[in-house]
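Fold and contact review
The chain contents come next:
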Amino acid sequence: METIAHQVWINASNEMVFDAVTTADGISKWWILDNNAKPELGHLNIFKMGGHVHNKMLIVDLRQNAYVEWECMNDNGVWTGTHLSFEIIEKNGVCLLNFKHSGWESQTEFFTVCNLHWARHLLMLKVLCETGENQVIQESEAKWGELYKKLNP
């Protein structure tokens, strides 16, 4: 099994980063605008793009201000059964965010595209946590969705 992994150094509190990766408001400012995310073990986070369900993520592990893990419960697609985790560690006043998207069957072209986009979104998360400024630009995200549809009819 293959894993996408990134570590991001963030000049913000663990609490701020945890809220950004576990709440609907936080996630809407660095990843997907339309979502129902909650920091509750067993909650099914629903992420929509263009009004349609894009991903369903079950919260399978949750430790306040330290860790959250989701299992992808999509009905189909390569993400189904994969796990996404956000480990948050404070070190010398800096928040270390260890992100993993694990359980991929192989390193396909789509795996490499997702690796790039996770890096992009995690940098958006960093800027959000350090500045408080929303990083999701609706027009840019819509263009990504258009490209995705062209390449995956």
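See the structure shown above.
Okay, so let's go over this structure. (Residues numbered from 1 in each chain as written. Predicted model: local features only at pLDDT ≥ 70, side-chain atom pairs only at ≥ 80, totals over all residues. Heavy atoms only, no water.)

**Regarding the side chain of Ser-28**
Its place among the elements puts Ser-28 in the loop between α2 (24-27) and β2 (34-35). Looking at Ser-28, the relative accessible area reads 9%, which means it is buried. The residues touching Ser-28, leaving out its near neighbours within four places in the chain, are Leu-33, Asn-35, Asn-134 and Val-136. (Helix = DSSP H or I, 4+ residues; strand = E, 2+ residues; numbered from the N terminus. Buried < 20%, exposed > 50% of the residue type's maximum accessible area, 1.4 Å probe, protein only. Contact = heavy atoms within 4.5 Å.)

**What about the packing of helix α1 (residues 14-22) against helix α3 (residues 109-131)?**
α3 packs onto α1 with a crossing angle of 130° between their chain directions and a minimal axis gap of 10 Å. The pairing of α1 with α3 is recorded here as oblique in orientation. Between α1 and α3 lies a crossing of right-handed hand. Two secondary-structure elements touch here, α1 through Met-16, Val-17, Ala-20 and Val-21 and α3 through Leu-125, Leu-128 and Cys-129. (Axes fitted to C-alpha atoms, helices over the stretch in contact; angles between N-to-C directions. Parallel < 35°, antiparallel > 145°, perpendicular 65-115°, else oblique. Left-handed = near helix turned anticlockwise from the far one by under 90°.)

**Considerations on the nonpolar core**
Counting 36 residues, the largest nonpolar core has Trp-30, Trp-31, Trp-70, Phe-86, Leu-97 and Trp-118 as its most contacted members. Of all the secondary structure elements, the ones that give two or more residues to this core are β1 (2-10), α1, β4 (52-63), β5 (67-72), β6 (83-91), β7 (94-104) and α3. Per-element tally for this core: the top contributor is α3, with 8 residues. Among residues more than four places away in sequence, those in contact with Trp-118 are Ile-4, His-6, Trp-30, Trp-31, Trp-79, Leu-84, Phe-99 and His-101. (Core = buried A, V, L, I, M, F, W, Y, C linked by side-chain atoms within 4.5 Å.)

**Remarks on the sheet that holds β7**
An order of β1-β7-β6-β5-β4-β3-β2 is seen for the 7 strands of this open sheet, with the pairing classed as antiparallel. Where the open sheet ends on each side, the last strands, each with one partner, are β1 and β2. Contacting β1, β4, β5, β6 and β7, α1 runs over the sheet at an angle of about 170° to β6. Contacting β1, β6 and β7, α3 runs over the sheet at an angle of about 20° to β1. (Pairing = 2+ DSSP bridges.)

**Quick look at the pattern of salt bridges**
Under the criterion given, the structure shown has 4 salt bridges. Glu-130 is paired through a salt bridge with Lys-126; the nearest N and O atoms lie 2.8 Å apart. Here Glu-130 and its partner Lys-126 are both found in helix α3, 4 residues apart, which amounts to about one turn of the helix. Judged by its relative accessible area of 35%, Glu-130 is partly exposed. Look at Lys-126 and you get partly exposed, because its relative accessible area is 23%. (Salt bridge = Lys/Arg side-chain N within 4 Å of Asp/Glu carboxyl O.)

**Describing the pairing of β5**
Of all 6 residues making up β5, 5 are buried, and the element is well covered by its neighbours. Relative to β5, β4 runs antiparallel, the two sharing 6 bridges. In the strand pairing of β5, Leu-62 is matched with Val-68. As defined by bridge partners, β5 adjoins β6 across 5 bridges and the pair is classed as antiparallel. Residue Val-68 lies in a different strand from β6, and its bridge partner there is Phe-86.

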